[in-house]
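# Residue-level structure breakdown
So you can see what is in the structure, the chains are spelled out below.
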Amino acid sequence: MLDKWKVMIADDEGIIREGIRQCVDWDGLGMTVVAEAEDGEEALELAVQHSIHIALVDLNMPIMHGMELMKRLREQLPGCKIIVITGHDEFSYAQESIRLQVNDYILKPAEPKQLMQVLRGVRDELESEKQQSQHLQQASRQLQKNFPLLRERFCQEWLDGNLSQAEIREQLQFLQLPPDRPERIGIIRWRWEGQHPGMKENERQLFLFAIENIITELLEPYTKVIFRDTAGLVVALLWDDAGEQVFAGVEGAVRSNLKIAVEVGTRLVQGEITELASAYRSCRVALAKEQPLSPLVRRAKQYIQEHYSEYGLTLEGMAGQLLASPVYLSRLFKQELGESFGMYLTQIRIRRAAQLLHSTELSIHEVAEQSGYETQHYFSTAFKKQTGVSPLQFRKGVQPENGSDGRRRKE
């Protein structure tokens, strides 16, 4: 049996309350009288206690006047329907009742037929509101269920450069994402054609889905959106650049779990909120130009990302861990990445130091230690050489020559 609408009768005259209770077919209306009160204070307490849906209120009651009662009901039970039944046929009361959004205003003695008609109208209104609320709740549940898809579609439009600043901010708020642009964008490419030329489409989709799952797990602590762009590349938008080093672990994690090779490109997102499209295009261009790395260089990059904070990290030590010749590894590293092991390691360390200087209150000495430098002096010298500014100047907001990522412009 469906729940009935709960009614309270508030009148200081017992005979009036009894008359109202007896003259209405409550069951026929799907209602039940759950409370009666003889003063306004008692009426408010009972109304809140029972969470009533309909209040029949007399204006002239002791302790708390009917008008005050209605004001308090509006505050504490805003969905409650109020029907005034009173002997005061005064326009000022009628005006105030209208302001308080009273559902109807009936003069005593209330005729049963009129009261039934008013109650029927209130019931229909309550049922209509309940149905509307159920539809909205259902729509809200469906919306929440589809949030990931909606976020992906929005982010693709954002990458395409089709949205204004106002549209982007509105969508970010609606989709419960941070109000600013992401700090970094990462793109993951899998050259499946060369690795598995005979692979069927459903198998390819399963691998891509698995790649997305691995990235999602690695970036779990960070605010992000991960999706596939129109070219089928996996895109990750990251609102916390502290997760940058996680991107470097993607290749190793995919290789370890799926036994396939992927390439990862990342870019800092700078400028206005609309500049995400520019960072995306830049990242795609760089990734397209990048030649596939050999397994040894991939493992070397991963090793550096995991051990850059150790100031004793050397090419020889890394080569030993990777069971490779230092000379061969050095030559291969420079050939495939276009820079020496030392330069690559320095850039990783300086980029990490820039993040710590920008987002933490660690001392310069502590930043140096966490970035892999044995002394603060050596760190400061390396930082200024790479960026053009000292660590202290960087922390104070002086812009490095490259903009922000710790790599000095080439003249």
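Structure: see above.
Throughout what follows, the structure given in this document is the object of discussion. These figures come from a predicted structure and were not determined experimentally.

## As for the nonpolar core
If you look at the biggest cluster of nonpolar residues, it comprises 25 residues, and the most contacted ones within it are Phe154, Trp158, Leu159, Leu172, Ile185, Val235 and Leu237. Only α7 (147-160), α8 (165-174), β6 (184-189), β7 (224-228), β8 (234-238) and α12 (276-289) provide two or more residues apiece to this core. What Leu159 contacts, discounting residues up to four positions off in sequence, is Ile185, Phe227, Val235, Leu237, Leu276, Ala277 and Tyr280. The next biggest cluster of nonpolar side chains, apart from the first, holds 23 residues, and it includes Ala47, Ala55, Met67 and Leu77.

## Here we look at the sheet that holds strand β1 (residues 5-10)
Reading across from one edge, β2-β1-β3-β4-β5 is the order of the five strands in this open sheet, with parallel pairing throughout. Since the sheet does not close on itself, it has two edges, and those belong to β2 (31-37) and β5 (104-107), each with one partner. Ignoring which end each strand starts from, the neighbouring axes of this sheet average 20° apart. With four bridges joining them, strand β4 (residues 81-86) and β5 adopt parallel strand pairing. Within β5, the position partnered with Thr86 by the bridge is Leu107. Against the sheet, helix α1 (residues 14-23) contacts β1, β2, β3 (54-57) and β4, and its axis sits at roughly 175° relative to β2. The strands touched by helix α3 (residues 40-50) within the sheet are β1 and β2, with β2 carrying the most contacts at an inclination of about 145°.

## Comments concerning the packing of helix α13 (residues 295-307) against helix α16 (residues 341-359)
Closest axis-to-axis distance for the α13/α16 pair is 10 Å, and the angle between their directions is 40°. Viewed along their axes, α13 and α16 adopt a mutual orientation that is oblique. Viewed along their axes, α13 and α16 form a crossing whose handedness is right-handed. The segment α13 lies against α16, with Lys301, Ile304 and Gln305 engaging Phe341, Tyr344, Leu345 and Ile348. Considered class by class, the residues forming the contact of α13 with α16 number five nonpolar, one polar and one charged.

Cut-offs and rules
Residues numbered from 1 in each chain as written. Predicted model: local features only at pLDDT ≥ 70, side-chain atom pairs only at ≥ 80, totals over all residues. Heavy atoms only, no water. Core = buried A, V, L, I, M, F, W, Y, C linked by side-chain atoms within 4.5 Å. Buried < 20%, exposed > 50% of the residue type's maximum accessible area, 1.4 Å probe, protein only. Helix = DSSP H or I, 4+ residues; strand = E, 2+ residues; numbered from the N terminus. Contact = heavy atoms within 4.5 Å. Pairing = 2+ DSSP bridges. Axes fitted to C-alpha atoms, helices over the stretch in contact; angles between N-to-C directions. Parallel < 35°, antiparallel > 145°, perpendicular 65-115°, else oblique. Left-handed = near helix turned anticlockwise from the far one by under 90°. Nonpolar A, V, L, I, M, F, W, Y, C, P; charged D, E, K, R; others polar.

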